[in-house]
Amino acid sequence: MNTSYQLFINGVWREGSDGTKVPVINPATEEIFAEVSWGTPEDAILALKAGQKALSGEWSTWSPARRGRFLTSVAAAVRRNAAELAQLLSSEQGKPLHQATSEVEDAARYLEYFGGCADKLTGMTIDLGPGQLDFVLREPLGLTVHIAPWNYPLDIFCRSVAPALAAGNTCVVKPAEEISLVSLALASLFQQEGIPAGVLNVVPGPGAVLGKVLTEDPRVRGIVFTGSVETGRKVLEAASRNITPVISMELGGKAASLVFVKDASELDGPVGGAAGAMAWNAGQSCGQRSRWYVRRDLYAPFLERVAERVRSLKVGPFTQPGVSLGPLASKKQFDKVMSYIRLGQSEGARLIVGGGRPEGLGEKGYFVAPTVFADCHNRMQIVREEIFGPVITVIPVDSLDEAVALANDSSYGLSSEIWTSDLTEAHSVAARLDVGHVTINGSAAFGFEVPFGGVKLSGLGREGGPEAILAYTRLKNVWINLNRK
Ligand code: NDP
């Protein structure tokens with residue numbers, strides 16, 4: 001495995017202009033396993049200049065079909081290198097190998113999906129009457145900036161870079177400071193497949209410094225951001241300077257799951273869903289089902305069975321076979337989640353299982369045992385705020401109306417779900433949930449082919465699906481006078 005990573009600017013691998021190199025820590029062992037060069041504001045400007053220059057270079061001669069074929073070839077390269085990418089992702093982010101492998105495949109699917117969209121973009125003509133021709137061109141936005149988080153670094157990189165490139169834009173990507181190696185490894189595959197210099201640039205480094213430079217710059221014609229609400233606000237403020245279009249902002253959530261199956265014999269699905277909400281990515285997902293509103297007659301059996309299932313989850317480093325969840329991605333995230341667990345206890349929630357470090361894993365590694373809090377209510381901070389860890393809260397309810405009202409009583413509005421065997425109930429709840437994404441009897445359909453994004457503090461815009469690529473384009477109207485003498 002490569003142990004030294006550099007910035008990728010204008011087709012060249014280079015150190016940051018001030019020579020800063022930062023150790024990269026494996027969150028399961030707290031040991032340094034690699035180092036990465038960090039960019040400075042000067043490097044960020046260099047990347048922006050490269051991205052802007054590339055718009056009128058070789059890239060502008062590529063047909064949409066060629067851009068599509070190129071993205072498909074990168075998807076194939078990602079699949080050929082899946083084992084190495086998954087290993088690197090697990091090493092720096094902590095997720096178990098099977099989850100890392102699934103994320104690598106998701107990245108390939110984004111490239112493939114949007115590669116397929118590249119030659120399907122069209123403009124239109126508008127009939128204004130005799131003697132005139134009016135047509136609408138669909139053009140790329142230009143230079144785009146992509147600020148990515150650390151929870152799904154490969155997936156989120158490809159979900160915005162793929163449509164941006166498919167539509168003919170150029171990109172500067174700023175990965176999260178603690179988890180940037182896989183983004184750089186991915187960039188090397190774009191390079192290997194022949195991306196022209198400057199079309200894709202990756203600048204790791206501190207977000208507070210680089211993020212500001214990248215989002216305030218007048219050359220930038222589109223921004224994509226995934227992360228916290230607090231930083232999202234800063235990005236919007238910076239974008240407002242030059243009225244830079246913000247293509248999408250995915251700012252997290254506090255997804256509700258409503259358990260309204262017929263009786264306790266139908267609890268297998270929701271119990272599996274609750275365990276999965278803690279195990280998948282150790283709960284560090286914007287769509288994590290973290291609030292469980294359970295009909296009162298199902299409440300006790302649900303808690304009993306979730307606790308039993310959670311006790312069977314194996315927590316450990318990705319190098320151990322059969323691990324269901326790994327450590328949290330960083331010390332910062334570990335401290336945050338542990339403080340929410342203490343807060344939950346002080347708020348009076350009843351701890352059913354978990355509640356600290358798992359036993360038998362020693363002192364090293366940012367491991368948190370899957371944790372279930374029962375007897376919660378909507379005024380508790382652990383129910384209202386995004387914990388972003390393997391923690392769920394469970395709340396008994398007496399009716400579907402009450403459950404829907406409580407689910408919607410949140411400043412977030414990304415995703416929510418219902419478990420029911422009643423089709424009418426399912427449709428009616430889907431219509432009433434104030435979110436951008438509803439699932440029924442399961443938690444799939446988060447990517448590529450379907451639109452994903454939120455309302456309220458969860459953000460704006462949609463990623464994925466046939467319309468997502470349109471947000472990376474702009475319309476230009478052209479009118480011709482055909483009666484000129
Ligand atoms: P941030 O929102 O701070 O980080 C997201 C990205 O924004 C990172 O690349 C970060 O860089 C960058 N960034 C930081 N400051 C700025 C800035 N001023 N301008 C532009 N970009 C900036 O999230 P954290 O990593 O601090 O996580 C905190 C919480 O946010 C989590 O606990 C979780 O609740 C939520 N979150 C939600 C995500 C989602 O999927 N919606 C993803 C990640 C976090 P750097 O890493 O270098 O600081």
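Up top you'll find the structure we're talking about.
Residues numbered from 1 in each chain as written. Predicted model: local features only at pLDDT ≥ 70, side-chain atom pairs only at ≥ 80, totals over all residues. Heavy atoms only, no water.

Novice: An account of the site of the ligand is requested, with residue identities and associated values reported.
Specialist: Taken together, 31 residues form the shell around the ligand, and within it Ala-148, Trp-150, Gly-207, Lys-332 and Lys-336 come nearest. Note that an oxygen atom of the ligand is positioned 2.5 Å from one of the side-chain N or O atoms of Lys-336. Here the ligand, which alone exposes 870 Å², has 90% of that area covered by the protein. Taking a 2 Å distance to the grid points as the criterion, the majority of the atoms of the ligand fall inside the largest pocket. Every element with two or more residues in the shell around the ligand is listed here: α7 (207-216), β11 (220-226), α8 (229-241) and α11 (331-346). (Near = heavy atom within 4 Å. Polar contact = N/O pair within 3.5 Å; in protein donor to acceptor, adjacent residues only side chain to side chain. Areas by Shrake-Rupley, 256 points an atom, 1.4 Å probe, with all protein chains shown as cover. 1 Å grid on protein atoms, 1.4 Å probe; cavity = no way out; pocket = protein on both sides within 12 Å on 5 of 7 lines; lining within 4 Å. Sits in = over half its atoms within 2 Å of the grid points. Helix = DSSP H or I, 4+ residues; strand = E, 2+ residues; numbered from the N terminus.)

Novice: I'd like to hear about empty space enclosed by the protein, residue by residue, with values.
Specialist: Here the structure, examined in full by the defined rule, presents 3 cavities of 30 Å³ or more. Forming the boundary of the largest cavity are Gly-253, Lys-254, Gly-283, Ser-285, Cys-286, Gln-288, Ser-290, Glu-386, Ile-387, Phe-388 and Val-391. (Points joined across faces, edges and corners; volume = space filled by probe spheres on them.)

Novice: Could you give me a rundown of the packing of aromatic side chains, with the residues and numbers involved?
Specialist: Per the counting criterion, the structure on display carries 12 aromatic pairs. Taken together, a centroid distance of 6.1 Å and an interplanar angle of 55° make the contact between Phe-70 and Phe-190 tilted. Here Phe-190 lies in helix α6 (residues 181-192) and Phe-70 lies in helix α2 (residues 64-80), a separation of 120 residues in the sequence. This pair shows no difference in class: Phe-70 is buried, exactly as Phe-190 is. Taking NZ or CZ as reference, Arg-109 lies 5.0 Å from the ring centre of Phe-448, over its face. (Phe/Tyr/Trp six-rings, centres within 6.5 Å; stacked < 30°, edge-to-face > 60°. Buried < 20%, exposed > 50% of the residue type's maximum accessible area, 1.4 Å probe, protein only. Lys NZ or Arg CZ within 6 Å of the ring centre and 35° of its normal.)

Novice: With reference to specific residues and values, describe the packing of α2 against α6.
Specialist: Relative orientation of the contacting elements α2 and α6 amounts to 130°, with a least axis distance of 9 Å. Judged on the interaxial angle alone, α6 and α2 are oblique. Classified by chirality, the crossing of α6 by α2 is right-handed. Side by side, α2 and α6 meet where Phe-70, Leu-71, Val-74, Ala-77, Val-78 and Arg-80 of the first sit next to Leu-186, Leu-189, Phe-190 and Gln-192 of the second. (Axes fitted to C-alpha atoms, helices over the stretch in contact; angles between N-to-C directions. Parallel < 35°, antiparallel > 145°, perpendicular 65-115°, else oblique. Left-handed = near helix turned anticlockwise from the far one by under 90°. Contact = heavy atoms within 4.5 Å.)

Novice: Run through the pattern of salt bridges, naming residues and quoting values.
Specialist: Overall, the coordinates contain 26 salt bridges when judged by the stated rule. Measuring nitrogen to oxygen at the nearest pair gives 3.8 Å for the salt bridge that ties Asp-434 to Lys-456. Of this pair, Asp-434 sits in the loop between α14 (423-432) and β20 (437-440) while Lys-456 sits in strand β21 (residues 455-456), and the two are 22 residues apart along the sequence. A cluster of three or more residues bridged by salt bridges with shared partners is formed by Arg-79, Glu-105, Arg-109, Glu-112 and Glu-449. (Salt bridge = Lys/Arg side-chain N within 4 Å of Asp/Glu carboxyl O.)

Novice: Break down the packing of α2 against helix α4 (residues 97-117) for me, citing the residues and quoting the values.
Specialist: Running from N to C, α2 and α4 cross one another at 165°; their axes reach a closest spacing of 7 Å. Considering their axes alone, α2 and α4 lie roughly antiparallel with respect to each other. With respect to the hand of their crossing, α2 and α4 are arranged in left-handed fashion. Facing Gly-68, Leu-71, Val-74, Ala-75, Val-78 and Arg-79 of α2, the residues of α4 in contact are Val-104, Glu-105, Ala-108, Arg-109, Leu-111, Glu-112, Phe-114 and Gly-115. Split by residue class, the contact of α2 with α4 holds 8 nonpolar, 2 polar and 4 charged. (Nonpolar A, V, L, I, M, F, W, Y, C, P; charged D, E, K, R; others polar.)

Novice: Please provide a residue-by-residue account of the pairing of β20, values included.
Specialist: Only one face of β20 is covered, namely the one carrying His-437 and Thr-439; the face carrying Val-438 and Ile-440 has none of its residues buried. In this structure, strand β19 (residues 415-419) lies alongside β20, joined through 4 bridges in parallel fashion. When the sheet's bridge partners are listed, Ser-416 is paired in β20 with Val-438. After leaving β19, the chain enters α14 and then returns to the sheet as β20, a path that is right-handed. (Pairing = 2+ DSSP bridges. Right-handed = clockwise from strand over helix to strand, strands pointing away.)

Novice: Tell me about the pairing of β19, residues and numbers included.
Specialist: Counting buried residues along β19, 5 of its 5 residues qualify, which places the element largely inside the surrounding structure. Neither face of β19 is exposed, since Ser-415, Glu-417 and Trp-419 on one face and Ser-416 and Ile-418 on the opposite face are all buried. Bridge count between strand β13 (residues 255-259) and β19: 4 bridges; the pairing is parallel. Opposite Val-259, over in β19, you have Trp-419 as the bridge partner.

Novice: Break down the environment of Glu-363 for me, citing the residues and quoting the values.
Specialist: Looking at where Glu-363 falls in the secondary structure, it is placed in the loop between β15 (350-353) and β16 (371-374). Using a relative accessible area of 69% as the deciding quantity, one classes Glu-363 as exposed. Separated by 65 residues in sequence, Glu-363 and Ser-428 place their C-alpha atoms 49 Å apart. Ignoring sequence-local partners within four residues, the contact set of Glu-363 consists of Glu-30 and Arg-357.

Novice: Let's hear about the sheet that holds strand β17 (residues 391-397): which residues, and what values?
Specialist: The strand order β15-β16-β17-β14-β13-β19-β20 describes an open sheet built from 7 strands, whose pairing is mixed. The open sheet is flanked by β15 and β20, the only strands paired with a single partner. Geometrically, the sheet is characterised by an average inter-axis angle of 25° between neighbouring strands, direction not taken into account. The pairing of β15 with β16 spans 3 bridges and is antiparallel. Pairing of Leu-351 across the sheet is with Phe-373, part of β16.

Novice: I'd like a description of unusual backbone geometry, backed by residues and values.
Specialist: The phi dihedral of Asp-375 is positive, around 55°, even though this residue is not glycine. Relative to the assigned elements, Asp-375 resides in the loop between β16 and α12 (381-384). Relative accessible area serves as the criterion here: at 33%, Asp-375 is assigned to the partly exposed category. Of note in this structure, Asn-441 is not a glycine but carries a positive phi near 60°. Of note, Asn-441 is situated in the loop between β20 and β21.

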